[in-house]
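Remarks on the overall topology
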Amino acid sequence: MRLTFSPQSLFTWNYWVAEQDVIGAIEFNVGKDSGQIVLGSTAYAIQQDSQSGEWRLLANNTVQASACRFGSNTHSFEVTYGHQRLSLRSGRFGGTALTIHRQDGTLLGDIRPNSFVNRKAKLHCSPEIGVLIQLFLFWLTALMWRRTSHLHAYFRSGC
């Protein structure tokens, strides 16, 4: 399965999601590490637990999936949904591409930007992972990209 992501505007980290046609949206709440995924006509909230730092994907206040940082690498996450556990990992040398692995280490897909110039991206993934979970994986990736871009802007400004 291949999903593509296009920024909704130059001034936001929100994305349109398409397979062949637009199927949804990825959205961030302003100034917070929370947001939502819109898939068709259904909106799924993403909230961060202030105590554990864990992100939760919610449908009608029911947890669909959760994610926490994986080890000391702040650009990697462990994602749990149902009885499944995945890892979303950045490359050895950092970078913007992330890979998706099953608990046993099997590579299931990747998320990568189209170029360094724009924020368009694509996700290639095994169909064994449902679309909603794939969108959650991308939301976590975009969160990491957004945080990294804010840090770069901060240091470029001389602060």
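Residues numbered from 1 in each chain as written. Predicted model: local features only at pLDDT ≥ 70, side-chain atom pairs only at ≥ 80, totals over all residues. Heavy atoms only, no water.

1. A short note on the packing of aromatic side chains
Tallied over the full model, the rule gives 5 aromatic pairs. On the basis of an interplanar angle of 20° and a centroid distance of 4.8 Å, the ring pair of F28 and W139 is categorised as stacked. Residue F28 is located in strand β3 (residues 22–28), and its partner W139 is located in helix α1 (residues 131–156); the two are separated by 111 residues in the primary sequence. Summarising the burial analysis for this pair, F28 and W139 share the class buried. (Phe/Tyr/Trp six-rings, centres within 6.5 Å; stacked < 30°, edge-to-face > 60°. Helix = DSSP H or I, 4+ residues; strand = E, 2+ residues; numbered from the N terminus. Buried < 20%, exposed > 50% of the residue type's maximum accessible area, 1.4 Å probe, protein only.)

2. Examining the pairing of strand β12 (residues 121–125)
Side chains on a regular strand alternate between the two faces of the sheet. Only one face of β12 is covered, namely the face carrying A121, L123 and C125; the face carrying K122 and H124 is uncovered. Both strand β1 (residues 2–7) and β12 contribute to a ladder of 4 bridges, which runs antiparallel. Residue T4 lies in a different strand from β12, and its bridge partner there is K122. For strand β11 (residues 107–113) and β12, the ladder comprises 5 bridges, and the chain directions are antiparallel. Directly across from I111, in β12, lies its bridge partner L123. (Pairing = 2+ DSSP bridges.)

3. Some details on unusual backbone geometry
Peptide bonds are, in most cases, trans, and in most cases residues other than glycine have a negative phi. Even without being glycine, N60 reaches a positive phi, approximately 50°. Of note, the phi angle at N61 is positive, near 60°, even though the residue is not glycine. If you trace the backbone, N61 turns up in the loop between β6 (55–59) and β7 (62–70). Accessibility expressed as a relative area gives 72% for N61, which makes it exposed.

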